[in-house]
Amino acid sequence: MALSINGVLCTLTVLILWRAEELVEACSCAPVHPQQAFCNADVVIRAKVVGEMEVDTGNDIYGNPIKRIQYEVKQIKMFKGPDQDIEAIFTSPVSAVCGVTLDTSGKKEYLISGKVEAGGKMHVTLCDYITPWESMSPTQMKSLTQRYQMGCDCKIVRCPSLPCAISAPEECLWTDLMIEKQVHGRQANHYTCVKRADGSCSWYRGVTPPKKEFLDIEDP
């Protein structure tokens, strides 16, 4: 019996260590509303990916080469970013460290958001907002040109559990995960958090920009 118990304990130890290693290696990202992703990003573009190669981007502290994937992109439109077109984006080579895998056939259009590194290179991770263009709602597409930027002084707060409430007037409460059990719910697809004349922020639905009457309204 002692041997059997020891065997079970040994097996459990191996499983726990294996699971712990898996968790350490996994890439974990908190859900984010498309508007918040837009505001957090340095660059937001609509583009096709037309090529891919593995490149060395320097060495780590031990002298080992740092590998990254370089995607060659054909930019269709820039919604946020530098004056020049983005011709390449960089990402980690594996998803365990948040590397992104994209279709390189040139047939699929993406909305790609990311950060600008030293030297002006665009870097993307699984935590950035990257989605096929065709999967976006008409409201999301229109919001990229003006409305998302209008709400960058606001903060979209995810509802972690019910009941939940905002803690400041410049916040909008994002409830898709709790109410609809999905990230891409009604608020993500059809609403923008917009700042009003009194400094508060509120959800606004519609393809057209908010009218003056909405922006001037004050909460009682």
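Residues numbered from 1 in each chain as written. Predicted model: local features only at pLDDT ≥ 70, side-chain atom pairs only at ≥ 80, totals over all residues. Heavy atoms only, no water.

Peer 1: An account of the pattern of salt bridges is requested, with residue identities and associated values reported.
Peer 2: If you walk through the whole model with that rule in mind, you get 3 salt bridges. Between glutamate 109 and arginine 46 there is a salt bridge, and its shortest N-O distance comes to 2.6 Å. A residue pair is termed long-range when its members are at least 10 positions apart, and glutamate 109 in strand β4 (residues 109-116) and arginine 46 in strand β1 (residues 43-59) qualify at 63 residues. With relative accessibility at 21%, the residue glutamate 109 sits in the partly exposed group. Residue arginine 68 pairs with glutamate 117 through a salt bridge whose shortest N-O separation is 2.9 Å. (Salt bridge = Lys/Arg side-chain N within 4 Å of Asp/Glu carboxyl O. Helix = DSSP H or I, 4+ residues; strand = E, 2+ residues; numbered from the N terminus. Buried < 20%, exposed > 50% of the residue type's maximum accessible area, 1.4 Å probe, protein only.)

Peer 1: An account of the packing of aromatic side chains is needed here, citing residue identities and associated values.
Peer 2: Enumeration over the complete set of coordinates arrives at 3 aromatic pairs. Each ring, one from phenylalanine 38 and one from tyrosine 148, has its centre 5.9 Å from the other, and the planes form 50°; the classification is tilted. On the criterion of sequence distance, the pair formed by phenylalanine 38 in helix α2 (residues 34-40) and tyrosine 148 in helix α4 (residues 147-150) is long-range, its members being 110 residues apart. Arranged with centres 6.0 Å apart and planes meeting at 5°, the rings of phenylalanine 79 and tryptophan 133 form a pair that is stacked. Remark: tryptophan 133 occurs in the loop between β6 (130-132) and α3 (138-143) and phenylalanine 79 occurs in strand β2 (residues 65-80); sequence separation between them is 54 residues. We classify phenylalanine 79 as buried; its relative accessible area is 15%. By relative accessible area, tryptophan 133 is classed as buried at 11%. (Phe/Tyr/Trp six-rings, centres within 6.5 Å; stacked < 30°, edge-to-face > 60°.)

Take it as geometry only, folks, not as evidence of what the structure does.
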